[in-house]
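The residues making up each chain are set out below.
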Amino acid sequence: IKVLARAHQNLIWSRNRNTNALRSASREYYPGALEAFDDLANRDALAILGRAPTPVQAAHLSLAKIRSALKAAGRQRNLDARALDIQTALRTEQLAAPAAVTAAFGATTQATVGIIAELNHQIAALEAELATHFEGHPDADIYLSLPGLGVILGARVLGEFGDDPNRYTTAKSRKNYAGTSPLTIASGNKRAVLARHVRNRRLYDAIDQWAFCALTTSPGARAFYDQHRAVGDLHHQALRAPGNRLVGILHGCLRHHTAYDEHKAWAHRHTNRETQAA
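Note that the coordinates shown come from a computational prediction; the quantities given were computed from them, not determined experimentally.

Q: Sorry if this is basic, but what is going on with the side chain of glutamine 9 here?
A: With respect to the helices, strands and loops of the structure, glutamine 9 is situated in helix H1 (residues 2–29). Residues contacting glutamine 9, with those up to four places away along its chain left out, are Arg156 and Arg202.

Structure (structure tokens):
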């Protein structure tokens, strides 16, 4: 699971690098593409840019050709409306680069589109393989019971934490390994609470995504996040709090072999707030 999850993440990082390069090049010679497509790694964008990698070629695309390209790429709904939107954006007046420069950018765009399309294919293949292995793991149901964790994200977290039941003696040690627990530095009368920078980057990124996803599915996580935002924490600072808490909850669920329970996970925080209010 760890090998597959890391390989899958590497491919996503590679796709992001190539997509960013494509976006940067488009700003130089093909701004209409950025108007037509929010996500340049999307199948619609790849289908059109692969067929028309320069503004001149794009301006000559008929609705029928755009519609055909979208359909061949897998789009089934709103074909006519989407084709019209794309054609309108691609035919918008824009500053043009010299012909030789445009041709050079067009060649690099076509090559980059091919790379991104293949990365999409390989990412999908690895996702299927990763899902098969993860869902066969005895702890998979526990991971999937936690809010914000799906198959892919759950597999990443499991792969980076490992499944040795004796590796983390306490929830605190698991949080320290994840890099989510705050680091308190005291000297004389001064005291500072800082984020840990020595950490497993892959695991920390996964927990950051996990905490963000949990905000929409767990009222407790959302309330905890909002509480930190209310006292002035920035988004990622506030996100570390539910992330750290979720790691502790995961540790308890794995230790007791029980699924996540929203009330048990956050009830003590409600009780503490009520006591303080009284």
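Next comes the rest of the description.
Q: What is the right way to look at the packing of helix H3 (residues 43–51) against helix H7 (residues 99–135) in this model?
A: In a pair of packed helices, the angle between the axes and the distance between the axes together describe the arrangement. Relative orientation of the contacting elements H3 and H7 amounts to 150 degrees, with a least axis distance of 9 Å. With respect to H7, the element H3 is oriented roughly antiparallel. Along this stretch, H3 crosses H7, giving a crossing that reads as left-handed. Residues Leu46, Leu49 and Gly50 of H3 form the contact with H7, whose own contacting residues are Gln110, Val113, Ile116, Ala117 and Asn120. Per-class residue counts for the contact of H3 with H7 are five nonpolar, three polar and no charged.

Q: Could you clarify how one ought to interpret the pattern of salt bridges in this entry?
A: Pairing is possible between side chains of opposite charge, provided their charged atoms come close. Scanning the model with the defined rule gives six salt bridges in all. Here aspartate 80 ties to arginine 67 by a salt bridge, and the two come within 2.7 Å at their closest N and O atoms. Separated by 13 residues along the polypeptide, aspartate 80 in helix H6 (residues 79–90) and arginine 67 in helix H5 (residues 63–73) bring together distant segments of the chain. Aspartate 80 sits in the exposed class, given a relative accessible area of 52%. For arginine 67, a relative accessible area of 32% corresponds to the partly exposed category. As a salt-bridge pair, aspartate 226 and arginine 222 come within 3.2 Å of each other at their nearest N and O atoms. One end of the pair, aspartate 226, and the other, arginine 222, are both in helix H12 (residues 219–230), four residues apart, so they sit about a helical turn from each other. Judged by relative accessible area, aspartate 226 falls into the partly exposed class, the value being 35%. One network of salt bridges, with partners in common, ties together Asp44, Arg75 and Arg82.

About the criteria used
- Residues numbered from 1 in each chain as written.
- Predicted model: local features only at pLDDT ≥ 70, side-chain atom pairs only at ≥ 80, totals over all residues.
- Heavy atoms only, no water.
- Helix = DSSP H or I, 4+ residues; strand = E, 2+ residues; numbered from the N terminus.
- Contact = heavy atoms within 4.5 Å.
- Axes fitted to C-alpha atoms, helices over the stretch in contact; angles between N-to-C directions.
- Parallel < 35°, antiparallel > 145°, perpendicular 65-115°, else oblique.
- Left-handed = near helix turned anticlockwise from the far one by under 90°.
- Nonpolar A, V, L, I, M, F, W, Y, C, P; charged D, E, K, R; others polar.
- Salt bridge = Lys/Arg side-chain N within 4 Å of Asp/Glu carboxyl O.
- Buried < 20%, exposed > 50% of the residue type's maximum accessible area, 1.4 Å probe, protein only.

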